[in-house]
Amino acid sequence: MTEALKKIRVDFENVSLAYGKTRVLTDVSIAIEPGEFFALLGPSGSGKSTLLRLLAGFLQPRAGSIRVGGEDVTRVPPWERDIGMVFQNYALWPHMTVRQNVAFGLEERRLPRAEVERRAAAALDLVGLGEFGARRPGQLSGGQQQRVALARTIAIEPKVLLLDEPLSNLDAKLRIHMRGELLALQRKLGITTIFVTHDQEEALSIADRVAVLDQGIIQQVGTPVELYDTPANRFIATFVGTINLLRGALEAAGGGTVFRSETLGAIPLAGATAAAGPAEVAIRPHALQLAAPGKPLDGGRSWLDGTVTEREFLGEFVRYNVKVGAGNLVVDQPHYMGESGFAPGTGVKVGINSAQIKLLKPA
Amino acid sequence: MAGLTLRLPFRARADFTWSQAAVAALIAAFLLVFLIVPVVTVVYVAFADGAGGVTLSHFGSFFSLSLMRESFWNSIYVGVWSVAIATIIAVPLAYFTVRFEFRGALLIQTLGILPLIMPPFVGAVAMQLIFGRSGSVNLLLNDWFGFTIPFMEGLNGVIFVEALHYFPFILMNLVVALNNIDSSMEESAQNLGASGLRLFRRIVFPLAMPGYVAGAALVFIKVFDDLGTPLVLHQTNLLAPQAYLRITSIGIEDPIGYVASVIMVIASLLALWLAMWTMRGKDYATLQRGYAGLARRRLSPGQTIIAYGWIALVLAVVLAPHLGILLLSIAKVWSFSVLPDAYTLEHYATVFNDSPRMIGNTMLYCGIAATLDVVIATAIAYLMLRTKVPGRNALDFTVTIALAIPGVVLGIGYLRTFRGIEIPFTEGELLTASWVLIALGYTVRRLPYALRSCIAALQQMHVSLEEAAENLGAPKRRTIMRVVVPLMAGGMLAGFIISFMTAAVELSMTLMLVSSQNDAPMSYGIYLYLQSAAGRGPGAALGILAVLIVAVGTYLSHRLLGGRANTAGDIQRMA
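What you are looking at is a predicted structure, and each value in this text was computed from that prediction instead of being measured.

**Comments concerning the overall build of chain B**
Within chain B, the regular secondary structure consists of 25 helices and 4 strands. Buried positions account for 48% of the 575 residues belonging to chain B. Here the analysis covers contacts within chain B between residues at least 6 apart in sequence; of these, 78% occur between residues at least 24 apart.

**What to know about the overall build of chain A**
Per the secondary structure count, chain A includes 8 helices and 20 strands. Expressed along its principal axes, the backbone C-alpha trace of chain A runs to roughly 80 × 50 × 35 Å. Every one of the 363 residues in chain A was classed for burial, and the buried ones make up 40%. Put simply, 66% of the contacts in chain A that link residues at least 6 apart link residues at least 24 apart.

**Quick word on the pairing of strand β6 (residues 83-86) of chain A**
Across a regular strand the side chains alternate sides, sitting on one face of the sheet and then on the other. Residue and element names in this part refer to chain A. Residues of β6 alternate between two faces, with Ile83 and Met85 on one and Gly84 and Val86 on the opposite face, all of them buried. In the sheet, β6 pairs with strand β7 (residues 160-164) via 4 bridges, with the strands oriented parallel. Along β7, the bridge assignment pairs Met85 with Leu162.

**Details of the sheet that holds strand β2 (residues 22-32) of chain A**
The strands making up a sheet associate through backbone hydrogen bonding, with each pair oriented either parallel or antiparallel. All names here are of chain A. The antiparallel open sheet is built from 4 strands, whose spatial order is β2-β1-β4-β5. With partners counted over all chains shown, the strands left at the sheet margins are β2 and β5 (71-72), one partner each. When strand β1 (residues 10-19) meets β2, the two strands line up antiparallel, connected through 7 bridges. The residue of β2 that forms the bridge with Phe12 is Ile30.

**So, helix α8 (residues 155-179) of chain B**
All names here are of chain B. Here α8 is 25 residues long and its end C-alpha atoms lie 35 Å apart, about the 36 Å a rise of 1.5 Å per residue gives. Of all the bends in α8, the greatest, near 40°, is centred on His165, and the proline Pro168 appears no more than four residues after it. Taking burial as the measure, the 25 residues of α8 include 21 buried ones, the bulk of the element.

**Observations concerning the interface of chain A and chain B**
Counting from both sides, the interface comprises 18 residues of chain A and, opposite them, 20 residues of chain B. Elements supplying a minimum of two residues to the side of chain A that touches chain B: β6 and α2 (98-108) of chain A. Here the side of chain A that touches chain B gets 3 residues from one element, more than from any other, and that element is α2 of chain A. Residue composition of the side of chain A that touches chain B, grouped by class: 12 nonpolar, 4 polar and 2 charged.

**Some points on unusual backbone geometry**
Residue and element names in this part refer to chain A. With a phi angle near 50°, Asp27 is a residue other than glycine that sits in the positive phi range. Tracing the backbone through its elements, the reader meets Asp27 in strand β2. Residue classification places Asp27 among the partly exposed positions, given that 15 C-beta atoms sit within 10 Å. Backbone geometry at Glu165 places phi at a positive 40°, although glycine is not the residue there. Its 20 C-beta neighbours within 10 Å are what place Glu165 among the buried residues.

**Here's the deal with the pairing of strand β13 (residues 265-269) of chain A**
Residues and elements named next belong to chain A. Here strand β12 (residues 256-261) runs beside β13; their pairing, made up of 5 bridges, is antiparallel. If you follow Ser261 over to β13, its bridge partner there is Gly265. Joining the antiparallel neighbours β12 and β13 is a turn of 3 residues.

**Thoughts on the sheet that holds β12 of chain A**
All names here are of chain A. Ordered by their spatial adjacency, 5 strands build an open sheet running β13-β12-β11-β14-β20, and the pairing between neighbours is antiparallel. Two strands close off the open sheet at either side, each with one partner strand: β13 and β20 (358-360). Between one strand axis and the next, the sheet turns through 45° on average, direction left out of account. Across 3 bridges, the pairing between strand β14 (residues 277-283) and β20 is antiparallel. In the sheet register, Val281 faces β20, and the bridge partner there is Leu359.

**Points about the confidence of the model for chain B**
Interpreting fine coordinate detail is not advised for predicted regions of low pLDDT. Residue and element names in this part refer to chain B. Overall, the prediction assigns chain B a mean pLDDT of 82, with 88% of residues at 70 or greater. Predicted confidence for residues 562-575 stays below pLDDT 50, and this span has 35 contacts to residues more than four positions away or in other chains. Predicted complex metrics record ipTM = 0.71 and pTM = 0.76.

**A word on the nonpolar core**
In this structure, Ala151 and Leu162 of chain A together with Ile170, Leu174, Val219, Met264 and Cys454 of chain B are the most contacted members of the largest nonpolar core, which totals 273 residues. Sorting elements by how many residues they give to this core places α8 of chain B first, with 16 residues. Among residues more than four places away in sequence, those in contact with Ile170 of chain B are Ala86, Thr87, Ala90, Tyr212, Gly215, Ala216 and Val219 of chain B.

**Comments concerning the environment of Pro321 of chain B**
Checked against the element boundaries, Pro321 of chain B lands in helix α14 (residues 301-329). Each C-alpha atom, one on Pro321 of chain B and one on Glu506 of chain B, is 18 Å from the other, the two residues being 185 residues apart in sequence.

**Points about the packing of helix α12 (residues 239-250) of chain B against helix α13 (residues 255-279) of chain B**
Residue and element names in this part refer to chain B. At a minimum axis separation of 8 Å, α12 and α13 run at an interaxial angle of 155°. In terms of orientation, α12 lies roughly antiparallel with respect to α13. Like other packed secondary-structure pairs, α12 and α13 cross with a definite hand, here left-handed. Facing Leu239, Ala240, Gln242, Ala243, Arg246 and Ile247 of α12, the residues of α13 in contact are Ile256, Gly257, Ala260, Ser261, Ile263 and Met264. Here the contact of α12 with α13 is composed, by residue class, of 8 nonpolar, 3 polar and 1 charged.

**Describing helix α3 (residues 113-126) of chain A**
Residues and elements named next belong to chain A. The end-to-end C-alpha separation of α3 is 20 Å, in line with the 20 Å expected for 14 residues at 1.5 Å each. Buried within α3 are the following residues: Val116, Arg119, Ala120, Ala123 and Leu124. Seen from one end, α3 has its buried residues packed into an arc of 135°, which puts them on one side. Turned more than 90 degrees from where α3 packs its buried face, Ala114 and Glu115 sit exposed. In the core, the buried residues of α3 are packed alongside α2 and α4 (142-154). Backbone geometry just downstream of α3 places Gly128 in the positive-phi region, at approximately 75°.

**A look at the packing of helix α19 (residues 435-459) of chain B against helix α21 (residues 476-504) of chain B**
All names here are of chain B. Taken N-terminus to C-terminus, the directions of α19 and α21 make an angle of 155°; their axes are 8 Å apart at the nearest point. By the criterion of interaxial angle, the relationship of α19 to α21 is roughly antiparallel. Helix-helix and strand crossings are classified by hand; for α19 and α21 the assignment is right-handed. On α21, the residues that touch Tyr442, Arg446, Tyr449, Ala450, Ser453, Cys454, Ala456, Ala457 and Leu458 of α19 are Met488, Gly490, Gly491, Met492, Ala494, Gly495, Ile498, Ser499, Thr502 and Ala503. Within the contact of α19 with α21, the residues separate by chemical class into 12 nonpolar, 6 polar and 1 charged.

Basis of the calculations
Residues numbered from 1 in each chain as written. Chains lettered and ligands numbered in written order. Predicted model: local features only at pLDDT ≥ 70, side-chain atom pairs only at ≥ 80, totals over all residues. Helix = DSSP H or I, 4+ residues; strand = E, 2+ residues; numbered from the N terminus. Buried ≥ 20, exposed ≤ 12 C-beta atoms within 10 Å, placed from the backbone. Contact = placed C-beta atoms within 7 Å. Pairing = 2+ DSSP bridges. Expected span 1.5 Å × (residues − 1). Bend = angle between axes of the 7 residues up to and from the residue. Nonpolar A, V, L, I, M, F, W, Y, C, P; charged D, E, K, R; others polar. Axes fitted to C-alpha atoms, helices over the stretch in contact; angles between N-to-C directions. pLDDT = per-residue confidence, 0-100. Core = buried A, V, L, I, M, F, W, Y, C linked by C-beta atoms within 7 Å. Parallel < 35°, antiparallel > 145°, perpendicular 65-115°, else oblique. Left-handed = near helix turned anticlockwise from the far one by under 90°. Arc of directions from axis to C-beta.

Next up, the structure:
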């Protein structure tokens, strides 16, 4: 149990699923590398849990195939797949003790009694619940129940570990703690792990790579940094983090390209060589800078005139809504002790660093 | 009661108000007089030596009588076998309705109400005509294959009739239990490698076990309690008929009848205790918000044939007594033939001439009983779930115990406890000779049903709904009248109907307490008719009328409340 498990790859190949005429998944292809900690991220109803249940075998795709370790498992029943799943509600059986719950999968594999005992105990020790074997699930806290569910699943040493919204039933503090523990456990076991979440912070913070789904379609697969810095489309840009989206058109001006926003006016782009025409750009709030009028301005940025309309204090930074021309920009400014920032109604200068402007592909 | 409402200073307020305590005390007094004292009296007489001391000699003489020993073992035998046969019928039906996609589910659920509106002793007569030695089925079997099956011979008949009438108690409890299992319970087992029969044995069945045990215990208690069926089938070597016959033929002083009563109470209490002990700490309702119950599967063609075949067979057998009674009520002559030889409506005319009074009596007694039940049950439910009045759980416990007191025993207890007591403000009319005791007896016997219904209704109502009313300025009493009672209306109506229906078909206690024809309700009349071969037609006709009255009453009260109450659902949940 302590030594690393064999690392296995998982491939979804052109998987589609529909209930009647409702398309749940459309042509989903994902290649998950051996030993990867992989997140399926999306709003509710995006099909991410469905994808997990397809892999576990509780659903059959209408088209496409699913491979585990290169082997096609699409038609294999759930109980022969060896793919461990931790359920969102933990699904601990109330008529069994914690130890009986953990031993269940081992017993189903007809292992000798002694080995069942040994591996169940080892799994419980691994999640720090060695003392709780004789209790009933109902006598444990939510966090402990989740550890039991985890122990029950890893006890069978599955090929792949699936976690369905693993942290959603925990309170905020415990959630962050368990996040770290899950990651540590996954690294220790080296098991390919796929987890489903609707919380982008959760996905970005622990996953090696993330697949973002919307309406049953893969929007982007990439590392957290890739998703954040180079969103593939408008959905990713707005779903991952906060962002300002500006519509307008690209124009050639002088030696470079200028983005002419419908509401804000012209903003020069650094090194952009895109063809002229309608376009949309995205700017993160913290990439913008505010300055009081009359102060010396950084020449590396282009500056627009605006008025603060709202101010939201968030601790590490202050989030401003700034009216610029006919439009609106969200600007985050770091907060330091003793600073009072800009009050609503104050006229300000908004500085845009052209290197931080991301040109989105036309939708 | 209003005078008892003392206004205590707000900060020094006790955990309960005086008016709450007064209501609790009033209910406790009622239960004491009409449940506890009569039962304790029966127990006391069974152990009393006549000189103020305690003796086991009555038990000694009971077991020295071979008839009594036989009756004792027969009762256990019939109880256990009835549960076993009912299980064989109910478990596949429950599994089919919950696990598979098929069209018979609603039909099966509807079966659940059938035994409540048709007492088993009425069905027993029809069963003899259909399954008896020279009944329809055996006549056909003999003609076609040259053999017969002794369905109705001796105790077989009692077991067969009881199992067919009471299997829905197991069915309904099991269906609820199975429906409460979250699909993830099963999926996680599949995920860990379990499937098929092992999955059922290790996960599904243990999780549904409490529901099964509750249903099985109820069947056992009901069978032990039933006096009408053995009498109609002339199988008197059972405890209930023996207790009844000893008291009515030898007299109210005969201790053997009391010993039989005590043994019946102990057996029923044991069954109840066993059920509670099995279910202790096992609230397995695992359904989570946003999750579905067990996945329904499509049947393969082979499975479809088996499932529908089983259901058709069970339906045919279950509906047989009901159809039989209907036929009997319009049959001119029906004997030694598959179907009646000629038809007539004269039995209904006979019944309308003879017994309009019985119909009126049933409406009166059951109306009083059901009304009292709902009032008391609502009060207990409120005291239990919303107040901290001391003894509130003891009230619930006592009412539940009433479930395990056979009607014969409570009847004997009443006769003994209240003998010689005159009703106040009458000219020497004896309480034991009056219909008042019948109505009050029904009230006590049916209170457990009404209570479960009202508790369920109140449990589903979030306490914040009441807090909102109080927050907007409604005092406790106004809150109860304007918010609690209207929201509980569905559950209260279900409680009323179930109390009314089951009281209308109650016979065990009725036989003990009816002292004159004038006071007899319909169930008594049906029984009297069925005693003689000539009375079968009118008896069946009266049985059909009883079913119609109950059905019409249920429909009307349901209409009265409109779509507000899911009464049918409530009743099914209860049953």
